[in-house]
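Examination of the molecular architecture
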Amino acid sequence: MVERINEILEKAKTAVGEVSSRANFEGVKAKFLGQNGALRELMKSMTTVAAEDKPAVGQAINVCKVEIEGMLTAKLLEIEIREAEALLGKKVDPTLSNHGSCGIFCHPLTKIRTQITEILSKLGFTVADGTEIETEWFCFDALNTPQSHPSRNESDTFYFPDDTIIENVSKNSSERYVLRAHTSTVQIRTMLKNRPPIRVLSPGTVFRRDAIDATHFPSFHQCEGLAVEDGMSVCDLKSTLNFLFTELIGEGCETRMRPSFFPFVSPGFEVDFKSKNLGKLSNKWIEIGGCGMVAPSVFRNCGYEDNASGFAFGVGIERLAMLFYGVDDIRLFFQNDARFLKQFKVSMI
Ligand code: FA5
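1. Things to note about the overall build of the protein chain
Along its length, the protein chain carries eleven helices and nine strands. For a compact globule of 349 residues, the expected C-alpha radius of gyration is about 20 Å, and the protein chain comes in at 28 Å, more than 25% above that figure. Structurally, the protein chain occupies a C-alpha span of about 85 × 50 × 35 Å along its principal axes. Counting contacts in the protein chain only where the partners sit at least 6 residues apart, residues at least 24 apart contribute 67% of the total. Taken as a whole, the protein chain presents about 18,800 Å² of accessible surface, with 52% of it coming from carbon and sulfur. Each charge sign in the protein chain was given a centre, from 40 positive and 45 negative side chains, and these centres are 5 Å apart.

Structural data, given as structure tokens:
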């Protein structure tokens, strides 16, 4: 039996050494580690081994398996480096860190996020940080969203168990922690810390228990905008959004603002887009974000005077990227498929 194990190991060394492509790789992997592979055959023949020899033989088979897996992992890395080099047209050093640089490719979501912040920085907006784990107060109560609101259902929002303790995020005993369901939490954090004039943007990840389809994903990205200044009106909101969309998308898309309800703005609107060139989503209105004038109760929750005025908006980064790049399925952004990503040859600093 031990001879048989050694023989398989030798054969595996030769076979893995000769692998030159991914297809070839899969074949060799199946031959040794697959359902009907050599290792499985060895395991089956354990029934014929004498009881006293079983531990030693079992261990030898295990060692053989680990060695073959190791050889295959090293070979796969070699293949991936070769593929990356072919894609990039230059040598790749996989040991180098990619921190601080998007290299030649930049994920489309990163690109859109950067564009939004660059465009609105021309109007004086700066970036404000938020946190992904929030308390119910920041996510809902401070935003005038009562317990009975559907967005607070367990089936909509990710709640942490009652006894969770998270350092640096304090809460009162009746509250729970949540994964923030929108970036509007940053409106509250910003207004508690600052006084007007305020012009901030806050891009980030948000989480909802949404079923996955072509336009929904349970973890996605939004960019919040908040401006608080004397005498602000819906005109300021509309012209800010028009400026953003015209700079970002250009003339190829139609936009509309339709009256809608969000508990933290009054009046509130939904912003939709339509594009002729969007595959299976062509000529359909796609909701891109919500917006409105900050509600007096929200100002009060942050200790502001009732007569404060400001607007807020929250746009879905995936939805904007879909329109911008003509991507008709949101899932493509998260599959990490090089064939999809390599199309986004953008040079970014
Ligand atoms: C909000 O989240 C509000 N906080 C927006 C807002 C901010 C309104 C400020 C008023 C003032 P809504 O739930 O509609 O609103 O989500 C905003 C956008 O996020 C949507 O228009 C859509 O573009 C995107 N979005 C929502 N759910 C998903 C999902 N599951 N997957 C991908 N994108 C989504």
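2. Details of the packing of helix H1 (residues 2-18) against helix H4 (residues 54-88)
Axis separation between H1 and H4 bottoms out at 10 Å; the angle between their running directions is 5°. By the angle class used here, H1 and H4 are roughly parallel. Note on element contacts: H4 touches H1 through Val57, Ala60, Ile61, Cys64, Glu67, Ile68, Met71, Leu72 and Lys75, opposite Ile5, Ile8, Leu9, Ala12, Lys13, Val16 and Gly17. Residue composition of the contact of H1 with H4, grouped by class: twelve nonpolar, one polar and three charged.

3. Concerning the nonpolar core
Counting residues in each nonpolar core, the largest one holds 39 residues, and the members touching the most others are Ile116, Phe245, Phe311, Phe313, Leu320 and Phe333. Every element with two or more residues in this core is listed here: helix H5 (108-121), strand S5 (219-228), helix H8 (234-249), strand S7 (265-275), strand S8 (286-294), strand S9 (310-316), helix H10 (317-325) and helix H11 (338-341). Sort the elements by how many residues they give to this core and H8 lands first, with six residues. Setting aside residues no more than four positions away along its own chain, phenylalanine 311 makes contact with Phe125, Gly225, Leu226, Ala227, Met232, Asp236, Leu237, Thr240, Gly292, Met293 and Val294. With 22 residues, the next largest nonpolar core counts Val16, Val19, Met46 and Ile68 among its residues.

4. Points about the site of the ligand
Around the ligand there are 26 residues in total, and His182, Ser184, Arg208, Asp210 and Glu287 lie nearest to it. A distance of 3.0 Å separates an oxygen atom of the ligand from a polar backbone atom of isoleucine 288. About the coverage of the ligand: the protein hides 94% of its 680 Å² of free accessible area. Its atoms largely coinciding with the cavity grid, the ligand occupies the second largest pocket. Among the elements that take part in the shell around the ligand, S8 stands out by supplying five residues, more than any other. A breakdown of the residues in the shell around the ligand according to their chemical character gives ten nonpolar, ten polar and six charged.

5. A short note on the domain arrangement of the protein chain
Domain annotation of the protein chain identifies domain 1 (2-96) and domain 2 (108-341). One C-alpha centre belongs to domain 1, the other to domain 2, and the line joining them spans 48 Å.

6. Concerning the packing of aromatic side chains
Scanning the entire structure with this criterion turns up eleven aromatic pairs. Ring centres of tyrosine 325 and phenylalanine 344 lie 4.8 Å apart, and the angle between their planes is 80°; this geometry places the pair in the edge-to-face category. Here phenylalanine 344 lies in the segment after H11 and tyrosine 325 lies in helix H10, a separation of 19 residues in the sequence. Residue tyrosine 325 is classed as partly exposed on the basis of its relative accessible area of 25%. Its relative accessible area of 7% is what places phenylalanine 344 among the buried residues. Relative to phenylalanine 340, the ring of phenylalanine 333 lies with its centre 5.9 Å away and its plane at 70°, an arrangement referred to as edge-to-face. Looking at phenylalanine 333, the relative accessible area reads 3%, which means it is buried.

7. A few points about the pattern of salt bridges
The final tally for this structure, using the stated rule, is 23 salt bridges. With its nearest N and O atoms 3.7 Å apart, the salt bridge here joins lysine 11 to glutamate 7. Remark: glutamate 7 and lysine 11 occur in helix H1; sequence separation between them is four residues, near one turn of the helix. One salt bridge connects lysine 75 with glutamate 78, and the closest N-O pair in it is separated by 3.2 Å. Of this pair, lysine 75 and glutamate 78 both sit in helix H4, three residues apart, which is roughly one turn of the helix.

8. Digging into the state of the cysteines
For the structure shown, the criterion picks out zero disulfides. Here cysteine 302 is not cross-linked by a disulfide; its sulfur's nearest cysteine counterpart is in cysteine 139, at 14 Å.

9. Regarding the layout of surface pockets
Taken as a whole, the second largest pocket spans an internal volume of roughly 830 Å³. For the second largest pocket, the lining is made up of 40 residues, of which Ala181, Arg208, Gln222, Phe262 and Glu287 are closest to its centre. Listing elements by their share of the lining of the second largest pocket, those giving two or more residues are S5, S7, S8, S9 and H10. Broken down by class, the residue content of the lining of the second largest pocket amounts to 17 nonpolar, 15 polar and eight charged.

Parameters and conventions
Residues numbered from 1 in each chain as written. Predicted model: local features only at pLDDT ≥ 70, side-chain atom pairs only at ≥ 80, totals over all residues. Heavy atoms only, no water. Helix = DSSP H or I, 4+ residues; strand = E, 2+ residues; numbered from the N terminus. Rg over C-alpha atoms; globule rule 2.2 N^0.38 Å. Contact = heavy atoms within 4.5 Å. Areas by Shrake-Rupley, 256 points an atom, 1.4 Å probe, with all protein chains shown as cover. Lys, Arg positive; Asp, Glu negative; His and termini not counted. Charge placed at Lys NZ, Arg CZ, Asp CG, Glu CD. Axes fitted to C-alpha atoms, helices over the stretch in contact; angles between N-to-C directions. Parallel < 35°, antiparallel > 145°, perpendicular 65-115°, else oblique. Nonpolar A, V, L, I, M, F, W, Y, C, P; charged D, E, K, R; others polar. Core = buried A, V, L, I, M, F, W, Y, C linked by side-chain atoms within 4.5 Å. Buried < 20%, exposed > 50% of the residue type's maximum accessible area, 1.4 Å probe, protein only. Near = heavy atom within 4 Å. Polar contact = N/O pair within 3.5 Å; in protein donor to acceptor, adjacent residues only side chain to side chain. 1 Å grid on protein atoms, 1.4 Å probe; cavity = no way out; pocket = protein on both sides within 12 Å on 5 of 7 lines; lining within 4 Å. Sits in = over half its atoms within 2 Å of the grid points. Domains from an automatic or database assignment. Phe/Tyr/Trp six-rings, centres within 6.5 Å; stacked < 30°, edge-to-face > 60°. Salt bridge = Lys/Arg side-chain N within 4 Å of Asp/Glu carboxyl O. Disulfide = S-S within 2.5 Å. Points joined across faces, edges and corners; volume = space filled by probe spheres on them.

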